[in-house]
Structure formats: structure tokens, C-alpha cells
Amino acid sequence: LKRRARKCDKNAREVKLAAVLGAGIMGGGIAYQSALKGTPILMKDIREESIRLGLAEADKQLGKRVEKGRMTVRQMAEVLNGIRPTLSYGDFGQVDLVIEAVVEKLEVKQAVLAEVEAQVREDSVIASNTSTISISRLAGSLEHPERFCGMHFFNPVPLMPLVEVIRGERTSEQTVATTVAYARKMGKTPIVVNDCPGFLVNRVLFPYLSGFTRLLAAGIDFQRIDRVMEAFGWPMGPAYLLDVVGIDTAVHARNVLAEGYPERMKEEGDTAIDVLLRAGRLGQKSGAGFYAYE
Ligand code: NAD
């Protein structure tokens, strides 16, 4: 592994300026983390309101660091200066690596990727933060698929160390190496994985969550299971985790995995998360999921 990591480093190009498309939950977090670790980043969205919210979140996170004495007000201002909000592709010709983090819809992502490829230099890397769409399929919308890979962060970006770097069928070694090096510079722990439904983490996580919903179907109380898994040493139990992830996001990812691995997940039917979705209980973001939130 160490040898592979060193090989990666040798091929990497330095990312001096990055860009993120989408200033939502993930895009905002990615912009914050990049600027915090010293790589300035353009944050582009199509809605001014999203940009305002993305910046407000960065401001709040940095404010907490100042309060705790981990950063001076001057350092905070420098980090904020590193996030450059924009509604246009104006400066994209200077960007070394772009992360697409727009809504999880194939047609939207394909259109955005083709659009951005026309704006960046030929040697710029383009990465997607998709959780469920095949990287090789997304690469089909690009003229140069070798410059494209997955860069899958986890929510909340500032707190979650892991980043999955996904190698599509035509991704070049240099693209992987540059993305791995940039993830490290962001203070993250990158792993390189092949392109398959669920990549690595969700392939492990969803069979566990499916074990949980089967226990619920057998009549076990979800709060009891949460308490047991917390006592086992996990930071949160499966019901709380699903509320944090979002019930709609979880159902979507579960469906992608069930389609990808029908022999392993075929017994999935109408589970507790399907029932919550129909009831509009989407987890923390809607004020109620398994649990109710203030
Ligand atoms: P979100 O809805 O919070 O944000 C999406 C943003 O994209 C919005 O601000 C929207 O205005 C913007 N947008 C839409 N079309 C655009 C365009 N053409 N150009 C620029 N911006 C555009 O979504 P999110 O939760 O941040 O998810 C973004 C991506 O990250 C998705 O692919 C999702 O699967 C992936 N992801 C999400 C999570 C999570 O837990 N939320 C975790 C890992 C990966």
C-alpha cells in the first residue's frame, strides 16, 4: 500500500486553485475544508441563495474555531477569502481540479460535466462527488474521460476523514494521483477504489442497515438497537445514522445497491425506511425520521 501511495504521489500535479460546483451541504463543506487547508477554491452554484447559505455555514464553523482559540480572527478572514463564490464560469480557466457536487440526478450531472469541461484547461482534473452513479457512465458525457474520477466525501465533510477516490474504466493514473494528493492536502484519508455500485463504504454499510430493518420487521424496537450499537462502541446506532443521512438518500442508495447486487439484497421489500419515506419523515432535515427533532 505504501508503495502504491508513493507511486501516486510521483504522478500527482499540484492543485493550486480548485473549484466546486454546487454550494449545498456537500459543496459548502468541501469549499470550507479546501480553504481551511490552504487551497483556494471557487464555489459555483446557479442559485444565489445557496451560495449565501454555503458561506454562512463556513463563517459559523470558522467562528467556532476562533471561540475555541484554535484560530485568530485574522486567520479566519484569510480562510474565508480562500472561498470565492461565483455564479459564472469566469475564472474556471485557472482551475487545476473541479469537484462536481450538484444534485444526484444523472441528466443534471451529465449536462454540468460537459459544460465545465468546455471551461477548464485540458490538463484540469474533473471529479464527481456522486454517491451512487457509475463514474464510467458519467465519464461518457466528457470528451476526455481520462481526466475524470470520483471523489466521494462523507457528510459532514469537515468531520469525516475518509474520501473514496473512484477510478473509472478510462481514468488515468495522473488523475487518480492528483486527486489523492489533493485529498491528503485537505487533511483527508483517501482510498482508491474501483467503480461499482456503492463503491466501498456503502457496500459495507447497507447490508448492516438492511440487517437493522430486518430486526425491526421482526418486532424489535429501534431505540433498543441504537442503544445496543452505541454500547458496542459505535458513535451512533443505525436509526440515528439513517436520520442523519436522510431517509430519502438512504432509500435511493439502498435501491441502487439492490439493483447492483440483486442476489445479495433481493429480500429487501417494504422496509421501515420505505414507510418513513412515504410518510415524509426524511430524518433530521425534515424535523422527524425515526426520531422527532425540535
Ligand atoms: P444539495 O441539494 O444540498 O446541494 C446541491 C446544490 O447544487 C444546490 O445548492 C443547487 O442549487 C446546486 N446546483 C444544482 N444544479 C447546479 C448547476 N447546474 N450548477 C451548479 N450548482 C447547481 O445536495 P448535497 O447533499 O450537497 O449533494 C450533492 C452531491 O453530493 C450529490 O451527488 C450527492 O449524492 C453527493 N453526496 C451527498 C452526501 C450527503 O450526505 N448529503 C454525502 C456524500 C455525497
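Residues numbered from 1 in each chain as written. Predicted model: local features only at pLDDT ≥ 70, side-chain atom pairs only at ≥ 80, totals over all residues.

- Looking at an unreviewed UniProt entry, the protein chain carries the name enoyl-CoA hydratase, with the source organism given as Azotobacter chroococcum NCIMB 8003.

### Re the overall build of the protein chain
Part 1 of the reasoning: Scanning the protein chain for helices and strands turns up 13 helices and eight strands.
Part 2 of the reasoning: In terms of C-alpha radius of gyration, the protein chain reaches 20 Å, essentially the compact-globule figure of 19 Å for 294 residues.
Part 3 of the reasoning: Once the C-alpha set of the protein chain is aligned to its principal axes, its extents read approximately 55 × 45 × 40 Å.
Part 4 of the reasoning: The buried share among the 294 residues of the protein chain stands at 38%.
Part 5 of the reasoning: Here the contacts in the protein chain between residues at least 6 apart in sequence split such that 65% fall between residues at least 24 apart. (Helix = DSSP H or I, 4+ residues; strand = E, 2+ residues; numbered from the N terminus. Rg over C-alpha atoms; globule rule 2.2 N^0.38 Å. Buried ≥ 20, exposed ≤ 12 C-beta atoms within 10 Å, placed from the backbone. Contact = placed C-beta atoms within 7 Å.)

### A word on unusual backbone geometry
Part 1 of the reasoning: The omega angle of the peptide bond from N155 to P156 is -5 degrees, so this bond is cis rather than trans.
Part 2 of the reasoning: Along the chain, P156 falls in the loop between β6 (148-152) and β7 (162-167).
Part 3 of the reasoning: Notably, F199 is not glycine yet its phi reads approximately 50 degrees, a positive angle.
Part 4 of the reasoning: Within the fold, F199 resides in the loop between β8 (189-194) and α8 (201-217).
Part 5 of the reasoning: C-beta crowding within 10 Å serves as the criterion here: with 21 such atoms nearby, F199 is assigned to the buried category.

### Quick notes on the sheet that holds strand β3 (residues 83-86)
Part 1 of the reasoning: In space, the eight strands of this open sheet follow the order β3-β2-β1-β4-β5-β6-β7-β8, with mixed pairing throughout. The open sheet has two free edges, formed respectively by β3 and β8, since each of these has just one partner strand. Here the average twist between neighbouring strands, direction ignored, is 25 degrees.
Part 2 of the reasoning: Sheet topology note: the strand β1 (residues 18-21)/strand β4 (residues 97-100) ladder contains four bridges and is parallel. When the bridges of β4 are listed, A18 appears paired with L97. (Pairing = 2+ DSSP bridges. Axes fitted to C-alpha atoms, helices over the stretch in contact; angles between N-to-C directions.)

### Description of the domain arrangement of the protein chain
Part 1 of the reasoning: Considered domain by domain, the protein chain is made up of domain 1 (2-194) and domain 2 (202-284).
Part 2 of the reasoning: Measuring from the centre of the C-alpha atoms in domain 1 to the corresponding centre in domain 2 gives 28 Å. (Domains from an automatic or database assignment.)

### Some points on the pairing of β7
Part 1 of the reasoning: Pairing of β6 with β7, which is carried by three bridges, proceeds in the antiparallel orientation. Looking at the pairing, G150 lines up with I166 of β7.
Part 2 of the reasoning: Across six bridges, the pairing between β7 and β8 is parallel. Each residue of the ladder has a partner; that of V163, found in β8, is P190.

### Details of the environment of V66
Part 1 of the reasoning: Secondary-structure assignment places V66 in helix α3 (residues 48-67).
Part 2 of the reasoning: Overall, the presence of 14 C-beta atoms within 10 Å leaves V66 in the partly exposed class.
Part 3 of the reasoning: Considering only alpha carbons, one finds V66 and V103, 37 residues apart in sequence, at a separation of 32 Å.
Part 4 of the reasoning: Setting aside residues no more than four positions away along its own chain, V66 makes contact with M71, V73 and M76.

### Here we look at the UniProt feature "domain: 3-hydroxyacyl-CoA dehydrogenase NAD binding" (unreviewed entry) in the protein chain
Part 1 of the reasoning: With numbering aligned to this structure, UniProt lists the feature "domain: 3-hydroxyacyl-CoA dehydrogenase NAD binding" (unreviewed entry) at residues 18-196.
Part 2 of the reasoning: Secondary structure content for residues 18-196 is 40% helix and 21% strand, while the C-alpha to C-alpha distance between its ends is 26 Å. (UniProt positions renumbered as here; feature names shortened; annotations may be inferred.)

### Observations regarding the environment of G289
Part 1 of the reasoning: Among the secondary structure elements, G289 is positioned in the segment after α13 (272-278).
Part 2 of the reasoning: Accessibility expressed as a C-beta count within 10 Å gives 26 for G289, which makes it buried.
Part 3 of the reasoning: On a C-alpha basis, the gap between G289 and A101 in space is 25 Å, while along the polypeptide they are 188 residues apart.
Part 4 of the reasoning: Not counting chain neighbours up to four residues away, the residues in contact with G289 comprise L242, D243, I247, L276, R281, L282, G283 and Q284.

### Things to note about the site of the ligand
Part 1 of the reasoning: As a structural note, the neighbourhood of the ligand is formed by 26 residues, with G22, G24, M26, S50 and N155 the closest of them.
Part 2 of the reasoning: Elements with a minimum of two residues in the shell around the ligand: α2 (25-36) and α5 (106-117).
Part 3 of the reasoning: For the shell around the ligand, the element with the most residues is α2, which contributes three residues.
Part 4 of the reasoning: When grouped by side-chain class, the residues that make up the shell around the ligand number 13 nonpolar, nine polar and four charged. (Near = placed C-beta within 6 Å. Nonpolar A, V, L, I, M, F, W, Y, C, P; charged D, E, K, R; others polar.)

### What about the pairing of β4?
Part 1 of the reasoning: Residues of β4 alternate between two faces, with L97 and I99 on one and V98 and E100 on the opposite face, all of them buried.
Part 2 of the reasoning: Bridge count for β4 against strand β5 (residues 125-128) is four bridges, and the pairing is parallel. Bridge pairing in β5 places L97 opposite V125.
Part 3 of the reasoning: Each parallel crossover has a hand, and the one from β4 via α5 to β5 is right-handed. (Right-handed = clockwise from strand over helix to strand, strands pointing away.)

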